[in-house]
Amino acid sequence: GQEPLQSPQHIQVHVVNTNFRLSWSHPGQEPPVTFWAEYKGPDSRGAEWEALPGCLNVSGTECDFSSAIREYYDTHYLRVRAQRAGQVSPWSSTLELVPEHEAQIGPPGIELQPTNGDIKIKISPPEENQANKMWLNDLSFKYNLVFWENSSDSQLTSKTVFPIDTIDGLAPDTTYCFKAQANLPAESKLGLFSPVRCVRTTHKVNELLCATNLRVLGLNMEFHLHWDHQYEQPVTYNVQYLIGYLKRLNEDYSKKWLGVPGCGNVTVTQCHVSPVITTTGFYYLRVLARGEGNKSCVSGEVKVDPLKTNEIGPPGVKLDISDTLLHIQISPPGGPEGQRMRDNYVLSYRILYWKNSSNDEEGTKVKETKQTVAMIPDLAPQTLYCVRVQAVSEVYNKSSAYSQEECAHTPAEKTFPLIILATFVVALAAVLLVALPLVFVLYQAYSKIKYVFFPSCQPPLNIEGFGAQLCTSPYLSAPEEPIENCSIIESMITQEGNQIDFKDYKHSKQSSRDSGNYSNDDNTSGSKGLSEVLGKDVI
């Protein structure tokens, strides 16, 4: 009988874009053996295997099953078996496939066109004009171009280019060969190279008229374009710019160059280009030169990535010294007009400070800070200290030049006893200023209360107190004094018969405030005479 068929071995899948090829190995004994493949995909019902289109009754050891795969991010399972004259082998081991993981990027398309000594290239995405795509976003590709002079001793040059780009700096009347590769850096995928294409360069027209050596100088977000010229006749220049993202598109951007305001028809070899450059994205600049006879030449391009092209200027520094402490006030680069610097760079500062003396052995010291205010303590008295500051951007690996040297002199040392005495005098004065008004107010309040409620003497209660010390209080009203009714009898004594006549006078109201003095109409001695007469009469 026939020996049993062996299972296919070394099952492999090769995927380029959306093209799928299954391969395997088998001893291939006589009579001829054919192969049959099955698969299970995301649309398979349950655990059922299905025949793999393009891989049924295959006589070779590979087959194309591109038409069977439509889901590129899901898991598929493949297996193969051999068959011969009614015999079948056991199934091979099952191969697991996720198409997007296994896929390679196919070669891009490439077109070449020689123009005025340069070569314009146009690169097409690997799956251009295909209905089904493995790579959904054509703009995510980065293109690597490799070119070389078509000679025996030429060296390869590799350059990252845009879908539409220009290769300049080539020798005239020379054949160059090119091949391109599409890559996806985010997925660490390198594509296959395109077929090699070659083209011959031409002579550059009006080469002497062209602006050369274009360079952009940026300081504190102010940008100037400079260029060289070698044409001896009068030339006018027009500076043009292109927004960088337009080059990422698979479109012709040749009509989208715009003039820079203030840089049209200039005769000098520099121009201020800040008005068209913001901090978002990147830009390309070029110079169109025009001479007599309507001759013209377009220069090469220079790229401007603002935050990378820009250089950081030195910061401003202001010093202030109090006793043994040095205060350093730092102004960010650009001064009051440097708001764009502050908006786009996170800066730290490196401070150099030293004693400006010939016998200083300590040398320069360094202090790092992320603030615009710094303090240096423990300074020596009567010493000149000098400071320079540098601005640093760690993110962009940039640093400014150091600021101009600023110096300040510390005051003389104050003796300790004098400091104590001054402190004591100031404290004592403060206490006195606070305490004296308070003591005066309390004393006045105490005096008033005591005088009102506890007087040192009492007013007389009756006539018996006549002649005693009088007390008056401005705070208490005087009590109403009792009023006595008095009758004064005037007597007339005559020698005849010793007859006594009494005359009744009107009584008068006198207050005890009159000290009990009563008088008749003649004089104040009447009372005494009356008393003597009455006394004699009684006897």
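The structure we're discussing is the one just above.
Residues numbered from 1 in each chain as written. Predicted model: local features only at pLDDT ≥ 70, side-chain atom pairs only at ≥ 80, totals over all residues. Heavy atoms only, no water.

Details of a negative patch on the surface
On the surface, Asp 43, Glu 50, Glu 71 and Asp 74 cluster together to form a negatively charged patch. Here Glu 50 shows up in strand β4 (residues 50-51). By relative accessible area, Glu 50 is classed as partly exposed at 30%. (Patch = residues over 30% accessible without salt bridge, like charges linked within 9 Å, V, L, I, M, F, W, Y side chains within 5 Å. Areas by Shrake-Rupley, 256 points an atom, 1.4 Å probe, with all protein chains shown as cover. Salt bridge = Lys/Arg side-chain N within 4 Å of Asp/Glu carboxyl O. Lys, Arg positive; Asp, Glu negative; His and termini not counted. Charge placed at Lys NZ, Arg CZ, Asp CG, Glu CD. Helix = DSSP H or I, 4+ residues; strand = E, 2+ residues; numbered from the N terminus. Buried < 20%, exposed > 50% of the residue type's maximum accessible area, 1.4 Å probe, protein only.)

A few points about the sheet that holds strand β9 (residues 103-104)
If you trace the four strands from one edge of the open sheet to the other, you get β5-β2-β1-β9, paired in mixed fashion. Looking at strand neighbours, the two that pair on one side only are β5 (62-64) and β9, the edges of this open sheet. Looking at chain direction, strand β1 (residues 9-16) and β9 are connected through two bridges and run parallel. Bridge assignment links Val 16 to a residue of β9, and that residue is Gln 104. (Pairing = 2+ DSSP bridges.)

Re the sheet that holds strand β27 (residues 316-322)
Strand order in the open sheet formed by three strands is β27-β28-β31, and the pairing between neighbours is antiparallel. Looking at the sheet topology across the chains shown, the edges are occupied by β27 and β31 (373-376). Averaged over all pairs of adjacent strands, the angle between their axes in this sheet comes to 20°, without regard to strand direction. Looking at chain direction, strand β28 (residues 325-331) and β31 are connected through four bridges and run antiparallel. In the strand pairing of β31, His 327 is matched with Met 375. (Axes fitted to C-alpha atoms, helices over the stretch in contact; angles between N-to-C directions.)

Quick look at a positive patch on the surface
Taken together, the side chains of Lys 142, Arg 248, Lys 303 and Lys 308 define a basic patch exposed on the protein surface. A relative accessible area of 44% places Lys 303 in the partly exposed class.

Focus on the state of the cysteines
All chains considered together, the criterion is met by five disulfides. The disulfide partner of Cys 55 is Cys 63, and the S-S distance across this bridge is 1.9 Å. Disulfide Cys 55-Cys 63: the torsion about the S-S bond is 90°, which places it as right-handed. In this model Cys 386 forms its disulfide with Cys 407; the gap between the sulfur atoms is 1.9 Å. (Disulfide = S-S within 2.5 Å.)

Regarding the packing of aromatic side chains
In the structure shown here, the tally under the stated rule is nine aromatic pairs. Ring geometry for Phe 141 and Tyr 143: centres 6.3 Å apart, planes at 35°, overall tilted. For the pair shown, Phe 141 and Tyr 143 are each scored as buried. Where Phe 162 meets Tyr 284, the ring centres are 6.1 Å apart and the plane angle is 85°; that geometry is what we call edge-to-face. Note that Phe 162 is positioned in the loop between β13 (157-161) and β14 (164-167) and Tyr 284 in strand β23 (residues 283-290), a separation of 122 residues in sequence. Each of the two residues, Phe 162 as well as Tyr 284, counts as buried. Of the aromatic side chains, those joined through ring pairs into one cluster are Phe 20, Phe 65 and Tyr 72. Taking NZ or CZ as reference, Lys 179 lies 4.6 Å from the ring centre of Phe 193, over its face. (Phe/Tyr/Trp six-rings, centres within 6.5 Å; stacked < 30°, edge-to-face > 60°. Lys NZ or Arg CZ within 6 Å of the ring centre and 35° of its normal.)

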